Amino acid sequence: MAEEVKVFGVWGSPFSCRVKIALKIKGIEYEYIEEDLQNKSSLLLKYNPVHKKIPVLLHNGKPIVESLLIIEYIDETWKDNPLLPQDPHERAQARFWAKFVDEKCLPSLWKACWAEEVERETAMGEAWKNLELFERELEGKRFFGGEAIGLVDIAAIRIAFWINVAQEAIGVEILNKEKFFILWNWIDELLGCSIIKENLPPREKLSAYYRTRAAAAKGSK
Amino acid sequence: MAKSDVKVLGAWPSPFVMRPRIALNLKSVEYEFLEETVGSKSQLLLQSNPVYKKIPVLIHHGKPVCESLVIVQYIDEAWASGTPLLPSDPYDRAMARFWAAYIDDKWFPSLSAIAKAQGEEGKEAAIAQVAEGLALLDDAFAKCSKGKPFFGGDKIGYLDIALGCFLGWLKVTEKMTNLKLLDEMIAPNLVGWSERFCSHSAVKGLMPETHKLMEFAKMLQAKFKAPPS
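Please read these numbers as outputs of a predicted model, since none were measured by experiment.

*Asks:* Teacher, can you tell me more about the overall build of chain B here?
*Replies:* Tallying secondary structure elements over chain B gives 10 helices and 4 strands in all. Each helix (α) and strand (β) of chain B, taken in turn from the N terminus, gives the series β-α-β-α-β-β-α-α-α-α-α-α-α-α. Computed over the C-alpha atoms, the radius of gyration of chain B is 18 Å, within 12% of the 17 Å expected from 2.2 N^0.38 for a compact globule of 229 residues. Expressed as lengths along the three principal axes of its C-alpha atoms, the size of chain B is roughly 55 × 55 × 30 Å. Long-range pairs, those at least 24 residues apart, make up 67% of the contacts in chain B between residues at least 6 apart in sequence. Put simply, chain B shows about 11,100 Å² of open surface, and 55% of that area lies on carbon and sulfur atoms.

So, in structure tokens, the structure goes:
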């Protein structure tokens, strides 16, 4: 049966990137539609009237939104290469840590990236606390998902790539290489996978975006 | 299964704590309820939920599960032979998860904002947001229930639990603002649903009485307004 799969996203968004990675892991072909967030298409507003955000996955005409929910939908619809473990407790852990990435970890990392001099130490401390908690979950595994990339790895692409690129562009070091060498091993493993590499935005383009923002932030003082 | 194999750490006023308890009731699973003292956190809580240090926590065979909606999904999967809490179709599951996330991320914060609102204008804006959310959820009910009594269809499911746990606090807010929020004009489907939900055997014993919640709310308000000791 011909499946119609479309993804509405934005080139620099880690959230639409997550969806693309999940589909690629499952070997699902899809049509990608780039949205202009300053000028949202009528289709986007139709498919996500509540939040009006990307990404949107459209499967045979039915829209699914919210990146982590989309990944669970993808996992439940296409059974090859599972993205979540089988065991209920491990599944709960995966959902917990994926949520942690978005709700606690990333806000603290971004705060530390953009913090003014006076607030930086406190912001850094908070960010490091969260990274320590997160890193512990690797427990000597290759990926958070074990031998294969899973939900938490895909969720944490925000750390592995976006924070990685941003901190370099801004000139801060949140993901300290000595302090978080276990996490960096994971970052190198993850970014070394072709399935990940091929679906990330161009590094230079993303870096230029953060450099521009950093310059604007300095200029406005 | 021994009762002590399943523990829930929680507190009676918390709507989030109600969620796993309703789920366990629906699955006919016996559990031990460990009540946390309001204002302090037990060693067991800090050990079981070192990341957030919050209730509810489910402890099953000694392993903790945290975050109420994660716990409800865990309960559904760990006791898979019991009545299913999530629909079987992946799209319907995605819809149930979507609306539950909306409730937690947008709707409940807007309800809490009413009590915290500064001035009449702030209060009115907060109330309007809650009403808008209820209208959306009413629409979602029509789509999810497909003519049946609950979001989950014939039986209470994940989304019923996600929203229903807030009905006590909704009543308190209505009393404190002297306004009807869950109203026939705003959310006609949800009015009937809320009565069916609250009177369900899996929920009845857990829904705190409105006057007790009011007392608790007033105590909390006084605590926050009091000068730091």
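*Asks:* Even after reading the chapter, I still don't get the interface of chain A and chain B, so can you show me in this structure?
*Replies:* One widely used convention gives an interface's size as the accessible area the parts lose upon coming together. Taken together, the contact pairs 25 residues of chain A with 24 residues of chain B. Summing the contributions of chain A and of chain B, the shared interface buries around 2,300 Å²; its carbon and sulfur component is 67%. At the surface where chain A touches chain B, the tally comes to 6 salt bridges. The tally of links between chain A and chain B comes to 8 residue pairs in polar contact (both at pLDDT 80 or more). Listed by contribution, the elements that provide at least two residues to the side of chain A that touches chain B are strand S4 (62-65), helix H3 (67-77) and helix H4 (88-114) of chain A. By residue number, the principal contributor to the side of chain A that touches chain B is H4 of chain A, which donates 12 residues. Considered class by class, the residues forming the side of chain A that touches chain B number 12 nonpolar, 4 polar and 9 charged.

*Asks:* Is there a simple way to think about the sheet that holds strand S2 (residues 31-34) of chain A in this case?
*Replies:* Each strand in a sheet pairs with another by means of backbone hydrogen bonds, the pair being arranged parallel or else antiparallel. All names here are of chain A. The 4 strands lie next to each other as S2-S1-S3-S4, forming an open sheet whose pairing is mixed. Unpaired on one side and paired on the other, S2 and S4 mark the two borders of the sheet. Within the sheet, the average angular offset between the axes of one strand and its neighbour, ignoring direction, is 20°. Of the strands in this sheet, strand S3 (56-59) and S4 are in contact with H3, which crosses S3 at around 25°.

*Asks:* What am I meant to see in the packing of H4 of chain A against helix H7 (residues 157-170) of chain A here?
*Replies:* To describe two helices that pack against each other, one gives the angle between their axes and the distance between the axes. All names here are of chain A. Running from amino to carboxyl end, H4 crosses H7 at an angle of 10°, the nearest separation of the two axes being 10 Å. With respect to each other, H4 and H7 are oriented roughly parallel. Residue-level inspection shows Asp 102, Cys 105, Leu 106, Leu 109, Trp 110, Cys 113 and Trp 114 of H4 in contact with H7, the latter providing Arg 158, Ile 159, Trp 162, Ile 163, Ala 166 and Ile 170. Residue composition of the contact of H4 with H7, by class: 11 nonpolar, no polar and 2 charged.

*Asks:* Help me out: how do you make sense of the confidence of the model for chain B in this one?
*Replies:* The predicted coordinates should not be examined in detail at positions where pLDDT is low. Within chain B, residue pLDDT values average 94, and 96% of them lie at 70 or more. Scored as a whole, the predicted complex attains pTM 0.96, and scored at its interfaces, ipTM 0.96.

*Asks:* Quick question: what am I supposed to make of the sheet that holds strand S2 (residues 32-35) of chain B here?
*Replies:* Residues and elements named next belong to chain B. Strand order across the open sheet formed by 4 strands is S2-S1-S3-S4, with mixed pairing between neighbours. On the outer flanks of this sheet lie S2 and strand S4 (63-66), each paired with one strand and no other. Each adjacent strand pair in this sheet contributes to an overall mean axis angle of 25°, direction not counted. As paired strands, strand S1 (residues 6-10) and strand S3 (residues 57-60) are joined by 4 bridges and run antiparallel to one another. Note on S3: the bridge partner recorded for Lys 7 is Ile 59. Its contacts with the sheet place helix H1 (residues 15-26) against S1, S2 and S3, and it is angled at close to 155° to S1. Sheet strands touched by helix H3 (residues 68-78): S3 and S4. Its angle to S4, the strand with the most contacts, is close to 125°.

*Asks:* How should the packing of aromatic side chains be read in this particular structure?
*Replies:* Two aromatic rings, taken as a pair, are described by how far apart their centres are and by the angle between their planes. The final tally for this structure, using the stated rule, is 26 aromatic pairs over all chains. With centroids separated by 5.5 Å and ring planes inclined at 85°, the aromatic side chains of Phe 16 of chain B and Phe 166 of chain B adopt a geometry described as edge-to-face. Here Phe 16 of chain B, found in helix H1, pairs with Phe 166 of chain B, found in the loop between helix H6 (158-164) and helix H7 (167-177); they are 150 residues apart in sequence, far enough to count as distant. A ring pair is formed by Phe 108 of chain B and Phe 166 of chain B, whose centres lie 4.2 Å apart and whose planes are at 20°; its orientation type is stacked. In this pair, Phe 108 of chain B sits in helix H4 (residues 90-116) while Phe 166 of chain B sits in the loop between H6 and H7, placing the two residues 58 residues apart along the sequence. One aromatic cluster in this structure is built from Phe 96, Trp 97, Phe 100, Phe 134, Phe 144 and Trp 186 of chain A together with Tyr 52 of chain B. Positioned above the aromatic ring of Tyr 32 of chain A is the side chain of Lys 20 of chain A, whose terminal nitrogen or guanidinium carbon lies 4.6 Å from the ring centre. Between Arg 21 of chain B and the ring centre of Phe 33 of chain B, over which it is positioned, the NZ or CZ distance is 3.6 Å.

*Asks:* Quick question: what am I supposed to make of the packing of helix H5 (residues 117-136) of chain A against helix H8 (residues 181-192) of chain A here?
*Replies:* Residue and element names in this part refer to chain A. The geometry of H5 relative to H8 is characterised by a closest axis approach of 9 Å and an angle of 65° between their N-to-C directions. As H5 packs across H8, the resulting crossing turns out to be left-handed. Here H5 contributes Leu 131, Phe 134 and Glu 135 to the contact with H8, which in turn contributes Phe 181, Ile 182 and Leu 183. For the contact of H5 with H8, the residue count by class is 5 nonpolar, no polar and 1 charged.

Here is what the cut-offs are and how they apply
Residues numbered from 1 in each chain as written. Chains lettered and ligands numbered in written order. Predicted model: local features only at pLDDT ≥ 70, side-chain atom pairs only at ≥ 80, totals over all residues. Heavy atoms only, no water. Helix = DSSP H or I, 4+ residues; strand = E, 2+ residues; numbered from the N terminus. Rg over C-alpha atoms; globule rule 2.2 N^0.38 Å. Contact = heavy atoms within 4.5 Å. Areas by Shrake-Rupley, 256 points an atom, 1.4 Å probe, with all protein chains shown as cover. Buried area = accessible area lost by both parts, 1.4 Å probe. Salt bridge = Lys/Arg side-chain N within 4 Å of Asp/Glu carboxyl O. Polar contact = N/O pair within 3.5 Å; in protein donor to acceptor, adjacent residues only side chain to side chain. Nonpolar A, V, L, I, M, F, W, Y, C, P; charged D, E, K, R; others polar. Pairing = 2+ DSSP bridges. Axes fitted to C-alpha atoms, helices over the stretch in contact; angles between N-to-C directions. Parallel < 35°, antiparallel > 145°, perpendicular 65-115°, else oblique. pLDDT = per-residue confidence, 0-100. Phe/Tyr/Trp six-rings, centres within 6.5 Å; stacked < 30°, edge-to-face > 60°. Lys NZ or Arg CZ within 6 Å of the ring centre and 35° of its normal. Left-handed = near helix turned anticlockwise from the far one by under 90°.

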